[in-house]
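Reading the structure
Here is how the chains run, residue by residue.
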Amino acid sequence: MRMSKLTHASGAPVVDNQNTLTAGPRGPTLLEDVWLLEKLAHFDREVIPERRMHAKGSGAYGHFTVTHDITRYTKAALFSEIGKRTEAFVRFSTVAGERGAADAERDIRGFAVKLYTEQGIWDLVGNNTPVFFLRDPLRFPDLNHAVKRDPRTGMRSAQSNWDFWTLMPEALHQVTIVMSDRGLPRSYRHMHGFGSHTFSFVNAQNERCWVKFTLKTQQGIQNLTDAEAQELVGRDRESSQRDLFEAIERGDFPRWTLFVQIMSEEQARTWRQNPFDLTKVWPHADFPLLEVGVLELNRNPENVFAEVEQAAFTPANVVPGIGFSPDRMLQARLFSYGDAQRYRLGVNHHQIPVNAPKCPVHSYHRDGQGRVDGNQGGRLAYVPNSHGEWTDSPERMEPPLPLEGAATHYDHRLDGDDHAQPGALFRLFSPEEKQRLFDNTARAMRGVSREVCERHVANCTKADPEYGAGVARALGLDR
Ligand code: HEM
């Protein structure tokens, strides 16, 4: 076997990787041992900031294939014909835990999909739940602080968590899902994914409609009970990563069916709910699921740091035919992700292979830390110029979006009923599912003050008196 030689980062051979350079056989190390300095300096910088939310995750590659025609709604090239295939990368995650947290925790799961279309990257950065705790982005950093570690004890605090949630009636829908069976998926393969927000589609006639995305698992929904999860975490903290990795290694490729729900602009104007409220679903009875295609994951990354840790998803990555909506949570996310990634990965993170578009990129962006692509050589870096580089695409302009009303801080709590949908969801549960919801809630509220418990019971009662009574019973408040 031909032995390859160890080298410095510069390529020159390393003379001795076993013994440091010292003054005499028992003397101190010399500063001149540049190999030791290089090795320690690199090691000292190996950790990059973890994602503020969704720090623990797993990734895999695959593709999305169109099975049904939705070209009447969108001109996005990836949906242009049945059978069309687009390469994909997906990262699943838990939300509250740090990078070393156990997978089998009761928590939301992230479901972030990156599609490398010929028109650029489309990221659908969703969760395994169709709604969210909040509908105003001002509360998002507070949510993070309430569910993460207490600043004094360094421990997670059920008191802070529930104090925060119960003071926001709009959170009850998401809290009900997280405390139900679906709040603890058996693995990433056994859960659905949701874009959650309302997005827009624009078709070839430049007509807009509103759209929600749902990815339904073909593996079937499977969840863990709290007791099963406790036992599992005791022997395997990486249960979801192991499940996904091993399934792909043995050729058992997980698949999800993509559906859309469509709402016309006219329907949105007259619908009884705010269609851009992230704490509400669009009921399937009103807006049926339309099948679109299949997402399959079939290749594990070669290197977790390079491909999973350095992956950067942002809802701001859309392609012609797919757009945003007035959902104010989505609007805030359009800023927050790229901003976080410029801090976490650097301004040139788009060039990291897992993030790089697979279509030509023409840009005036230059320089910056970590630029590794030749920096566009001697090309022009200003506009206007006399060379026709690079021109705009006015044909991609979306139809104008009519807006109404005067600018002020409108109270979103006055816009809609926060108890009807959690109540309707509760009534869908079987008696056994309801009992597990009560018991899961009581376990999650262990150690929480009576005042906060009573506030939660009052919120649940407004959704359904049976919900409130069941939680009160499980918490022992009825005695
Ligand atoms: C990750 C902000 C709401 C799903 C993140 C990150 C930030 C963030 C800063 C870390 C990004 C990175 O470092 O790469 C926000 C803000 C929100 C919000 C400000 C609301 C105002 C949501 C919602 C969803 C969601 C509603 C799902 C529907 C995710 C996912 C990740 C993530 C899946 C992890 C992406 C990955 O795997 O790299 N969020 N988020 N977030 N967020 Fe949000």
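Residues numbered from 1 in each chain as written. Predicted model: local features only at pLDDT ≥ 70, side-chain atom pairs only at ≥ 80, totals over all residues. Heavy atoms only, no water.

1. Details of helix α4 (residues 172-179)
- Along α4, eight of the eight residues are buried, which leaves the element largely enclosed by surrounding structure.
- Looking only at α4, the buried set comprises Leu172, His173, Gln174, Val175, Thr176, Ile177, Val178 and Met179.
- Looking at the buried side of α4, the elements it contacts are α3 (158-166), α10 (420-428), α11 (431-444), α12 (450-463) and α13 (465-475). (Buried < 20%, exposed > 50% of the residue type's maximum accessible area, 1.4 Å probe, protein only. Helix = DSSP H or I, 4+ residues; strand = E, 2+ residues; numbered from the N terminus. Contact = heavy atoms within 4.5 Å.)

2. Observations concerning the packing of aromatic side chains
- Across all of its chains, the model carries 21 aromatic pairs by this definition.
- Seen from their ring centres, Phe132 and Phe140 are 6.1 Å apart, and the 25 degrees between their planes marks the pair as stacked.
- Take Phe140: its relative accessible area is 29%, and that puts it in the partly exposed class.
- Between Phe426 and Tyr467, the ring centres sit 4.9 Å apart and the planes meet at 5 degrees, which makes this aromatic pair stacked. Here Phe426, found in helix α10, pairs with Tyr467, found in helix α13; they are 41 residues apart in sequence, far enough to count as distant. (Phe/Tyr/Trp six-rings, centres within 6.5 Å; stacked < 30°, edge-to-face > 60°.)

3. Brief notes about the confidence of the model for the protein chain
- Residues with a pLDDT of 70 or more make up 100% of the protein chain, whose mean pLDDT is 97.
- Across the protein chain, the element-wise mean pLDDT spans from 96 in helix α7 (residues 265-270) up to 99 in strand β8 (residues 255-264).
- Here the prediction assigns the complex a pTM of 0.97, and the interface score ipTM is 0.99. (pLDDT = per-residue confidence, 0-100.)

4. Observations regarding the packing of α4 against α10
- Here α4 crosses α10 at 25 degrees, and the two axes come no closer than 8 Å. Classified by the interaxial angle, the pair formed by α4 and α10 is roughly parallel. Contacts from Leu172, His173, Thr176 and Ile177 of α4 reach α10 at Gln421, Pro422 and Leu425.
- Partitioning the contact of α4 with α10 into residue classes produces four nonpolar, three polar and no charged. (Axes fitted to C-alpha atoms, helices over the stretch in contact; angles between N-to-C directions. Parallel < 35°, antiparallel > 145°, perpendicular 65-115°, else oblique. Nonpolar A, V, L, I, M, F, W, Y, C, P; charged D, E, K, R; others polar.)

5. Observations concerning the environment of Lys75
- Position of Lys75 among the secondary structure elements: in the loop between β1 (57-66) and β2 (85-94).
- Placed 193 residues apart in sequence, Lys75 and Ala268 show a C-alpha to C-alpha distance of 21 Å.
- When near neighbours in sequence (up to four residues on either side) are disregarded, Lys75 contacts Val202, Asn203, Ala204, Asn206, Pro320, Gly321 and Glu395.

6. Thoughts on the packing of α3 against α12
- It is the contact of α3 with α12, at a shortest axis distance of 9 Å, that shows an interaxial angle of 35 degrees. Regarding α3 and α12, the two cross each other, and that crossing is left-handed. Contacts between α3 and α12 involve Gln159, Trp162, Asp163 and Thr166 from the first element and Val452, Arg455, His456 and Asn459 from the second. (Left-handed = near helix turned anticlockwise from the far one by under 90°.)

7. A closer look at empty space enclosed by the protein
- Counted by the stated rule, this structure contains five cavities of 30 Å³ or more.
- Size it by volume and the largest cavity reaches roughly 70 Å³.
- Around the largest cavity, the lining residues are Phe64, Val113, Leu115, Trp122, Leu124, Leu215, Leu258 and Leu295.
- For the lining of the largest cavity, the secondary-structure elements that each account for two or more residues are β3 (109-117) and β4 (120-127).
- Its residues placed into classes, the lining of the largest cavity shows eight nonpolar, no polar and no charged. (1 Å grid on protein atoms, 1.4 Å probe; cavity = no way out; pocket = protein on both sides within 12 Å on 5 of 7 lines; lining within 4 Å. Points joined across faces, edges and corners; volume = space filled by probe spheres on them.)

8. Some points on the coordination of the iron atom of the ligand
- The protein supplies the iron atom of the ligand with one donor atom, Tyr337 (OH), which lies at 1.8 Å.
- Following the sequence through the fold, Tyr337 ends up in helix α9 (residues 328-344). (Donors = N, O, S within 2.8 Å, 3.2 Å for Na, K, Ca; no water.)

9. Regarding the domain arrangement of the protein chain
- Per the domain assignment, the segments of the protein chain are domain 1 (18-47), domain 2 (57-146 + 182-357) and domain 3 (418-475).
- Each side of the interface is counted separately: domain 2 has eight residues, and domain 3 has four residues.
- Roughly 510 Å² of surface becomes buried between domain 2 and domain 3 when both sides are summed, with 33% attributable to carbon and sulfur atoms.
- It is Arg106, Asp226 and Lys280 that lose the most area in domain 2 upon contact with domain 3, and together they represent 62% of the buried surface on that side.
- Asp418 serves as the salt-bridge partner of Lys280, at 3.2 Å between the closest nitrogen and oxygen.
- Here domain 2 and domain 3 share six residue pairs in polar contact (both at pLDDT 80 or more) between them.
- By residue class, the composition of the side of domain 2 that touches domain 3 is two nonpolar, two polar and four charged. (Domains from an automatic or database assignment. Buried area = accessible area lost by both parts, 1.4 Å probe. Salt bridge = Lys/Arg side-chain N within 4 Å of Asp/Glu carboxyl O. Polar contact = N/O pair within 3.5 Å; in protein donor to acceptor, adjacent residues only side chain to side chain.)

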